[in-house]
Amino acid sequence: MSTEKKPAYGGQAVVEGVMFGGKHHYVTAIRRKDQSIEFFHLPRKTHPTLAKLKKIPFIRGIVAILEASANGTKHLNFSTERFDVAPEDDGKAAEERKESKLSMILGVAAVGILSFLFGKFIFTLVPVFLAESTRFIFSSDFSQIMAEGAFKLILLLAYIYFISLTPLIKRVFQYHGAEHKVINCYENELPLTVENVQKQSRLHYRCGSSFILFTVIVGVFVYLLVPTDPLWVRVANRIALIPVVLGISFEVLQLTNSLRNVPVLKALGLPGLWLQLLTTKEPDNQQVEVAITSFEELLKMEKETQLSNEQIV
């Protein structure tokens, strides 16, 4: 096996497709209604200030998450607009996109960030009120924080389980599994064939699903440092601590990924892998084909950019 360190590629499942991101590009491939595969390309651009922030531990996680939310929404928006449109209706679909007032006012990237923040607020604050309603049973600060963590975990698992029952989300979770399988196949230095990819695990230590679970676990420890009473103070510090929890959780995710090949210590990442049993499903061969096509397109574009940069230098 080669000793040269491979680049760490990331990805995201979208509707009827997969997005992969590299150092210079993002690429999404989706299966159209006529079974053809269509690509969506975006250059990877980072503002110089954000690039500096992404080098600072704990802060870098917050920047990376917001950036991923913004970029991911662009690709998700592309997939939802295109996957079920027949090629002969492409012109009509383009006109409808121009009429999207929400996109014109806020922009797709802004919508993605706002959606992420709204969801984070909901999953952070609802467990607070649920736990507070049990204070007559769990009166101490410690028991309140444990109850809050338990409610948050239950809400998270219930939400994922019930949305996974819908046909659309089930297929997205299958593409999520295909994304992981392709990355695992690449990291194991095997040819990217459907057969090889299907033999890989649909779980991966670097997955965003693991990050979500880590925010629940990390939150419990962080909240032990602040009071739970009165209620308004509890709500205020939960909101104020959202960046702290996100920043620490990102570092925990990076740590578990770096230790995944170390005996005993690799167990630190198991809770995140267990959650992926819900957020990923086994893909069929056609879905794997789309994921492979997306990743190979990204590799091709990354190589072309690298060669171009070398020629300039």
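This structure is a prediction, so every number in the text was calculated from the model and none was measured.

1. Remarks on empty space enclosed by the protein
For the structure on display, the rule yields 1 cavity of 30 Å³ or more. Within this model, the largest cavity holds a volume of roughly 30 Å³. I145, E148, G149, K152, V216, G219, V220 and Y223 are the residues that line the largest cavity. At the level of elements, α6 (141-163) and α9 (208-223) are the ones that each hand at least two residues to the lining of the largest cavity. Its residues assigned to classes, the lining of the largest cavity comprises 4 nonpolar, 2 polar and 2 charged.

2. Considerations on the packing of α6 against α9
At a closest axis distance of 9 Å, the pairing of α6 and α9 adopts a crossing angle of 170°. When the axes of α6 and α9 are compared, the pair comes out roughly antiparallel. Side by side, α6 and α9 meet where I145, M146, E148, G149, K152, L153 and L156 of the first sit next to I212, L213, V216, V220 and Y223 of the second.

3. Some words on the pairing of strand β4 (residues 37-43)
Pairing analysis gives 7 bridges linking strand β3 (residues 25-31) to β4, with the strands arranged antiparallel. Bridging across to β4, V27 finds its partner in H41. Counted along the chain from β3 to the antiparallel partner β4, the turn is 5 residues long, and its residue Q35 has a positive phi close to 75°.

4. Brief notes about a nonpolar patch on the surface
A surface patch of nonpolar side chains, amounting to about 480 Å² of accessible area, comprises F142, M146, I217, F221 and L224. Among the secondary structure elements, F142 is positioned in helix α6.

5. Quick look at the packing of aromatic side chains
The full count for this structure, using the stated rule, is 7 aromatic pairs. Centroid distance Y9 to Y186: 5.6 Å. Interplanar angle 70°. Geometry classified as edge-to-face. Of this pair, Y9 sits in the segment before β1 (10-14) while Y186 sits in helix α7 (residues 167-187), and the two are 177 residues apart along the sequence. Across the pair, Y186 and Y9 agree in class, each one buried. The exposure class of Y186 is buried, given its relative accessible area of 13%. Three or more aromatic residues joined by ring pairs make a cluster, and in this case those are Y9, F20, Y186 and F295.

6. Regarding the environment of V226
By the element assignment, V226 lies in the loop between α9 and α10 (231-240). Spatially, the C-alpha atom of V226 lies 9.9 Å from that of L241, the residues being 15 residues apart in sequence. Every residue in contact with V226, bar those within four places of it in the chain, is listed here: N237, R238 and L241.

7. Quick look at the side chain of H176
Among the secondary structure elements, H176 is positioned in helix α7. Those residues within four positions of H176 in sequence are excluded, and the remaining contacts are A13, C207, S209, T279 and T280.

8. Quick look at the nonpolar core
Residues F20, V182, L192, V197 and F295 are the most contacted members of the largest nonpolar core, which totals 29 residues. Among the secondary structure elements, those contributing two or more residues to this core are β2 (17-21), β3, α6, α7, α9 and α13 (285-312). Among the elements that line this core, the one with the most residues is α7, at 8 residues. If sequence neighbours within four positions are ignored, V182 has contacts with F20, L192, V197, A291, I292 and F295. Of all hydrophobic cores here, the second largest spans 8 residues; its members include A64, I65, I242 and F250.

9. Quick word on the pairing of β1
As paired strands, β1 and β2 are joined by 5 bridges and run antiparallel to one another. Residue A13 lies in a different strand from β2, and its bridge partner there is V18. Here β1 folds back onto β2 in antiparallel fashion, the turn holding 2 residues, of which E16 has a positive phi close to 60°.

Thresholds, definitions, all that
- Residues take numbers from 1 onward in each chain, read along the sequence in its written order.
- For a predicted model such as this one, the threshold for reporting local features is a pLDDT of at least 70, and the threshold for listing and counting side-chain atom pairs is 80 or more; totals across whole chains, interfaces and linings nevertheless cover every residue.
- The side-chain numbers reported here are obtained from all heavy atoms of the structure, hydrogens and water having been left aside.
- The pocket and cavity definitions rest on a 1 Å grid over protein atoms only: a 1.4 Å probe that fits but cannot leave marks a cavity, an open set with protein on both sides within 12 Å along at least five of seven lines marks a pocket, and residues lining either have an atom within 4 Å of a point.
- Grid points are joined across faces, edges and corners, and a volume is the space filled by probe spheres set on the points.
- Helical segments are the DSSP runs of H or I of at least four residues, strand segments are the runs of E of at least two, and each set is numbered from the N terminus.
- Residue polarity follows a fixed list, in which Ala, Val, Leu, Ile, Met, Phe, Trp, Tyr, Cys and Pro are nonpolar, Asp, Glu, Lys and Arg are charged, and the others, Gly among them, are polar.
- Every angle, taken between N-to-C directions, lies between 0 and 180 degrees, and every axis is a line fitted to C-alpha atoms, over only the stretch in contact when it is a helix.
- Should an angle fall under 35 degrees it is taken as roughly parallel, and over 145 as roughly antiparallel, whereas 65 to 115 is taken as roughly perpendicular and any remaining angle as oblique.
- Contact criterion: two residues are considered in contact whenever any of their non-hydrogen atoms come within 4.5 Å of each other.
- One bridge is not enough; two strands pair if DSSP finds at least two bridges between them.
- Any residue with relative accessible area above 30% and no salt bridge may belong to a patch, with like charges joined within 9 Å and the nonpolar Val, Leu, Ile, Met, Phe, Trp and Tyr side chains within 5 Å.
- Computed with a 1.4 Å probe, the accessible areas rest on the Shrake-Rupley method; for each residue, only the protein chains presented here act as cover.
- Any carboxyl oxygen of Asp or Glu within 4 Å of a side-chain nitrogen of Lys or Arg constitutes a salt bridge here.
- For Phe, Tyr and Trp, where Trp contributes only its six-membered ring, two rings pair if their centres lie within 6.5 Å, and the inter-plane angle classes them as stacked under 30 degrees, edge-to-face over 60, or tilted in between.
- Only protein chains enter the calculation, and the probe is 1.4 Å; a residue is then buried if its accessible area is under 20% of its type maximum, exposed if over 50%, and partly exposed in between.
- Side-chain atoms within 4.5 Å are what join buried Ala, Val, Leu, Ile, Met, Phe, Trp, Tyr and Cys residues into a set we call a nonpolar core.

Keep in mind that these numbers describe shape and distance, not what the molecule does.
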